[in-house]
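Architecture at a glance
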Number of protein chains: 2
Amino acid sequence: MTSLAPDALGPTVTIGEILVEIVATSEGEGFREPLNLIGPFPSGAPAIFIDQCARIGGSAGIVGAVGDDDFGKVNIDRLQRDGVDVSAVAVSTDHPTGSAFVRYRPDGSRDFVFNIAKSAAALIEWTPQVARLVNRAGHLHIMGTVFAMPSAWEITRRAADIIKARGGSLSLDPNLRKELIGHGQTRERLEQLMAMSDLILPSGPELALATGIADERAAVQSLLERGVGEIVVKRGDAGSTYYGRHGVRIDCAAFLVDELDPTGAGDCFGGAYVGCRRLGLEPAEALTYANAAGARNVTVRGPMEGAATRAELDDFMARTERARP
Amino acid sequence: MTSLAPDALGPTVTIGEILVEIVATSEGEGFREPLNLIGPFPSGAPAIFIDQCARIGGSAGIVGAVGDDDFGKVNIDRLQRDGVDVSAVAVSTDHPTGSAFVRYRPDGSRDFVFNIAKSAAALIEWTPQVARLVNRAGHLHIMGTVFAMPSAWEITRRAADIIKARGGSLSLDPNLRKELIGHGQTRERLEQLMAMSDLILPSGPELALATGIADERAAVQSLLERGVGEIVVKRGDAGSTYYGRHGVRIDCAAFLVDELDPTGAGDCFGGAYVGCRRLGLEPAEALTYANAAGARNVTVRGPMEGAATRAELDDFMARTERARP
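Every value quoted in this text rests on a predicted model; they were computed, and no experiment measured them.

Thresholds, definitions, all that
Residues numbered from 1 in each chain as written. Chains lettered and ligands numbered in written order. Predicted model: local features only at pLDDT ≥ 70, side-chain atom pairs only at ≥ 80, totals over all residues. Heavy atoms only, no water. Helix = DSSP H or I, 4+ residues; strand = E, 2+ residues; numbered from the N terminus. Expected span 1.5 Å × (residues − 1). Buried < 20%, exposed > 50% of the residue type's maximum accessible area, 1.4 Å probe, protein only. Arc of directions from axis to C-beta. Contact = heavy atoms within 4.5 Å. Buried area = accessible area lost by both parts, 1.4 Å probe. Salt bridge = Lys/Arg side-chain N within 4 Å of Asp/Glu carboxyl O. Polar contact = N/O pair within 3.5 Å; in protein donor to acceptor, adjacent residues only side chain to side chain. Pairing = 2+ DSSP bridges. Axes fitted to C-alpha atoms, helices over the stretch in contact; angles between N-to-C directions. Core = buried A, V, L, I, M, F, W, Y, C linked by side-chain atoms within 4.5 Å.

Re helix H4 (residues 150-165) of chain B
Residues and elements named next belong to chain B. In this model, H4 (16 residues) spans 23 Å end to end at C-alpha, consistent with the 22 Å of a helix rising 1.5 Å per residue. Inspection of H4 places Ala152, Trp153, Ile155, Thr156, Ala159, Ala160 and Ile163 among the buried residues, and these make up the whole buried set. The buried residues of H4 occupy one face: seen down the axis, they fall within an arc of 165°. Looking at H4, the residues exposed on the side facing more than 90 degrees away from the buried face are Pro150, Glu154 and Ala165. Buried residues in H4 make contact with strand E1 (12-15), strand E4 (60-67), helix H3 (128-135), strand E9 (139-143), strand E10 (169-173) and helix H6 (186-196). Just downstream of H4, Gly167 is the residue with a positive phi angle, here 90°.

Below is the structure:
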């Protein structure tokens, strides 16, 4: 039994920022001198999620906006090639495609230069194309980044109601940061979405932040009591845990890989998990594919470059050692 | 005798876009796949001009805006280090620093991805800091890029009147493209500025575009008759020509260099010429420094990286062969 609507009901849809990412090839602090860089890589958390969801075999579509430039084309080309419905991606004639420059510090933390809020990425509107995609969607995946984007938030709220009304399901990747939770209407919006969610995929301290409960088990219990069908806790290189109804808990050991570029791992994890569950896989199997998708993605430079088909993940799993549970 | 106000009257001021430039290290078409890049380089035609003007020893200031990010800092740091007054550079808290991605094609033409019109670069306002700089300026250098920037145009018009009224002078680098001249008020604005200019520095087909006269000598004559004191025609690797009153013509042979990155050459030429003339150098000498500044800049990757001091240009001239006149 799955708490998510089957793939046959219609595509998994996500809404939000489509970006290019430019990565510094050397570690260090910031971008205050000319550096060697690589890019543009297609990026944006919702875009990475939906690309992985499509690559693993799920039907998938995205609502977003890019500029009328090569950075927009690099995203649309990639998503389309990987099977994502891009009919609801608007092309702005006057705003550029959003971008993120990323540089890793030696301690693993990152410096960014963003152009998102004033780029095409933030100009999401309810168009006839969006209505058409949403009206035939079977599932909505919500990235917490919409909390900070007023235009995306309105579309998300509207899409959630339509998709739930037609028997679809809803998943939420909170993507919360401490600084954000007290900001504006974030808390209120998060509560609204959690109450509607069939699946929540928190990572790091997000579960405690979202529920206000420090203990993982108690936090999970409070979500299950609110009607959330399954909670999957992402722990990066420490694996992941599924919590379902009736006290079901499944732990999944991590795949042991050399990390080259961690960006996008959580989004690939989510895309693989939602895709597999909607295709009818049991939680344990979906969880294993999700772990493999996240692990494989960090071995490739570029946030979306490691998104993999099911066959590629089978191959990856066959040749990759796992941590002891 | 020079037709430009002496340096002692106050700094040369320019107004316009401050950008970072990111350069692809391989030739080819566009940015539709991940490429090796180098950047951020400080850039923007007015910024390159004023940096070279300051480096050659002229007093100099710029009116512009950057974002509150590393790309803004890389520009402010460089300009400040090179002696440019940056007190009138605003820092936007919500718009990113403007950017230009550049890739050369094998035939020497270029592909761009711009973020200028919706970036901080386009948000130039008349602030108390701008007023203070303009009120003590001795010369205004106008880049034709302001024709396409409504905010910069208003400030430029106002600054031109103030600086001329206090005995200052005005130079114009038309930076015209065919597609632009018929656009909106460009023709009318160009006429206004040409009538006020003491020096015009056209390149390529700009002289014919600006005057509507195909023959160079006749076009120059029409400008001299309108009161322009000197016209300097930039011809890239074919050198340059000075035209002054009373039929004076000075041809300057090009320096022979291996071109690595042509971006910024014309702006460095202008900055060196205006700087030298305002410091009291005769046309022939200023023209030679200007040619050297443009030539030296194309031997260095990055639009502003080759901007040179007078000593560096003396050294460059001593060791660089010149084309036959």
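Past the structure itself, the notes keep going.
Things to note about the interface of chain B and chain A
Across the contact, 27 residues belong to chain B and 27 residues belong to chain A. Regarding the contact of chain B and chain A, the summed buried area is about 2500 Å², with carbon and sulfur atoms giving 63% of it. The largest contributions to the chain B side of the interface with chain A come from Arg32(B), Pro34(B) and Lys118(B), which together make up 24% of the buried area. Where Asp77(A) meets Arg32(B), a salt bridge forms, and the shortest distance between an N and an O atom there is 2.8 Å. Here chain B and chain A share seven residue pairs in polar contact (both at pLDDT 80 or more) between them. Among the elements of the structure, strand E3 (35-43), helix H2 (70-81) and strand E8 (110-115) of chain B are those that each provide at least two residues to the side of chain B that touches chain A. The element best represented in the side of chain B that touches chain A is E3(B), accounting for seven residues.

Re the sheet that holds strand E7 (residues 98-104) of chain A
A sheet is described by the order of its strands in space; here eight strands give the open sequence E8(A)-E7(A)-E2(A)-E3(A)-E3(B)-E2(B)-E7(B)-E8(B), paired in mixed fashion. In this open sheet, the two edge strands, each paired with only one partner strand, are strand E8 (110-115) of chain A together with E8 of chain B. On average, adjacent strands in this sheet sit at an angle of 25° to one another, irrespective of strand direction. Direction of pairing for strand E3 (residues 35-43) of chain A relative to E3(B): antiparallel, over a ladder of five bridges. Bridged to Leu37(A) within E3(B) is Leu37(B). This element, H2(B), spans E7 and E8 of chain A together with strand E2 (19-24) and E3 of chain B of the sheet and lies at about 50° to E3(B).

Points about the nonpolar core
In summary, soluble globular proteins display a tendency toward joint burial of nonpolar side chains. Of all hydrophobic cores here, the largest spans 45 residues; its most connected members are Ile62(A), Val232(A) and Tyr273(A). Secondary-structure elements contributing two or more residues to this core are helix H1 (45-55), strand E4 (60-67), helix H2 (70-81), helix H9 (265-278), helix H10 (283-297) and helix H11 (310-319) of chain A. For Tyr273(A), the contacting residues outside a window of four places in its chain are Leu199(A), Leu201(A), Glu230(A), Val232(A), Tyr242(A), Pro283(A), Ala286(A), Leu287(A) and Ala290(A). In terms of nonpolar packing, the next biggest core, distinct from the first, is built from 44 residues, Val66(B), Cys252(B), Ala295(B) and Leu313(B) among them.

Bear in mind that shape data such as this cannot, by itself, settle questions of function.
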